[in-house]
Amino acid sequence: MKIPEKLVAQLAAAKSVTVLTGAGVSAESGVPTFREAQTGLWEKFKPEELATPRAFRRNPKLVWEWYAWRRELVAKASPNPGHLALVEWEQLFPQFQLITQNVDGLHQRAGSKNVIELHGNITRTKCFDENRVVSSWADTSDVPPKCPHCGGWLRPDVVWFEEAMPELEMELATQASRTCELFLSVGTSTIVYPAASLPYLSLKQGATVVEVNPSPTPLTNEAHFILPSAAGTALPALVAVIKAARGI
Ligand code: OAD
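Criteria and cut-off values
- Residues numbered from 1 in each chain as written.
- Predicted model: local features only at pLDDT ≥ 70, side-chain atom pairs only at ≥ 80, totals over all residues.
- Heavy atoms only, no water.
- Near = heavy atom within 4 Å.
- Polar contact = N/O pair within 3.5 Å; in protein donor to acceptor, adjacent residues only side chain to side chain.
- Pairing = 2+ DSSP bridges.
- Helix = DSSP H or I, 4+ residues; strand = E, 2+ residues; numbered from the N terminus.
- Axes fitted to C-alpha atoms, helices over the stretch in contact; angles between N-to-C directions.
- Buried < 20%, exposed > 50% of the residue type's maximum accessible area, 1.4 Å probe, protein only.

> What's the story with the site of the ligand in this structure? I'm lost.
Lining the immediate environment of the ligand, one finds 23 residues, of which Phe 34, Arg 35, Thr 188, Ser 189 and Asn 213 sit closest. Taking Phe 34, its main chain carries an N or O atom lying 2.7 Å from an oxygen atom of the ligand. Gln 101 places a main-chain nitrogen or oxygen 3.2 Å from an oxygen atom of the ligand.

Here it is as structure tokens:
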């Protein structure tokens, strides 16, 4: 993989870096993405039947079981070289912020410390009525299980379509995108807003924007550098060139 000299120089000198990840960063761990032909989840399933509050009200069992299946997939998956490289990125820059749209928790399992989760986390469960996160509930045959506090249905703690983004996370992500020198967008189709707006905030502030994605996205024409490779190849390669340029 060819990494432009200019990009290496900018990365080696950068003090503040923000990274946004999407489903592509977990693809090499065997977690399916959403929109890729053949393999994407939204190619096989309809989001309006599985990932909206209305869908849950209509068929809570179906939605609970679909997320239980995904939770199992995630539990069996392991962080890949892309996740592991981002743990190193955290140590390479004085200011570093990792923002993810992924709900799989693989960045944290790899060892990343400071992760903003924009779309929640599939391993957490919360009450549908009261939004309260719960960690245990009675082991009955109810599907979905019932909230131990109010008796309402439990649901995964992820952001569904038609739902608001978590306020604090969005504010921190916006701030990190507005103030960084270099923004890296990895493995996201850059079409789901408001997460997709973040690289454009960086561009507006004059930051260098880099995209790592084997396929073009709406950001591709705007980004300063494009690395059309898999995250598991590009991210470790970037770590290596940054270290070499800094003599470490
Ligand atoms: P998408 O499935 O929309 O896009 C995945 C992107 O990853 C595509 O652009 C692929 O080309 C790229 N890709 C695939 N393999 C890759 C690899 N090995 N390395 C790097 N890139 C690779 O997933 P997201 O952009 O994350 O929201 O989707 C955004 C949101 O839409 C998700 O968070 C989810 C979904 O609906 C919610 O569930 C709220």
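Don't stop here, the text continues.
> For this particular structure, what's the right way to read the sheet that holds strand β7 (residues 182-186)?
In a beta sheet, neighbouring strands pair by backbone hydrogen bonds and run either parallel or antiparallel. Spatially, the six strands line up as an open sheet ordered β3-β2-β1-β7-β8-β9, and their pairing is parallel. On the outer flanks of this sheet lie β3 (115-117) and β9 (225-227), each paired with one strand and no other. Between one strand and the next, the sheet's axes are offset by a mean angle of 20°, whatever the strand orientation. As judged from the three bridges shared by strand β2 (residues 95-100) and β3, these two strands associate in the parallel manner. Note on β3: the bridge partner recorded for Ile 99 is Ile 116.

> What exactly am I supposed to notice about the environment of Thr 233 here?
When you line up the elements, Thr 233 lands in helix α11 (residues 231-246). Relative accessible area serves as the criterion here: at 44%, Thr 233 is assigned to the partly exposed category. The spacing of Thr 233 and Val 63 is 170 residues in sequence and 35 Å in space, taken between C-alpha atoms.

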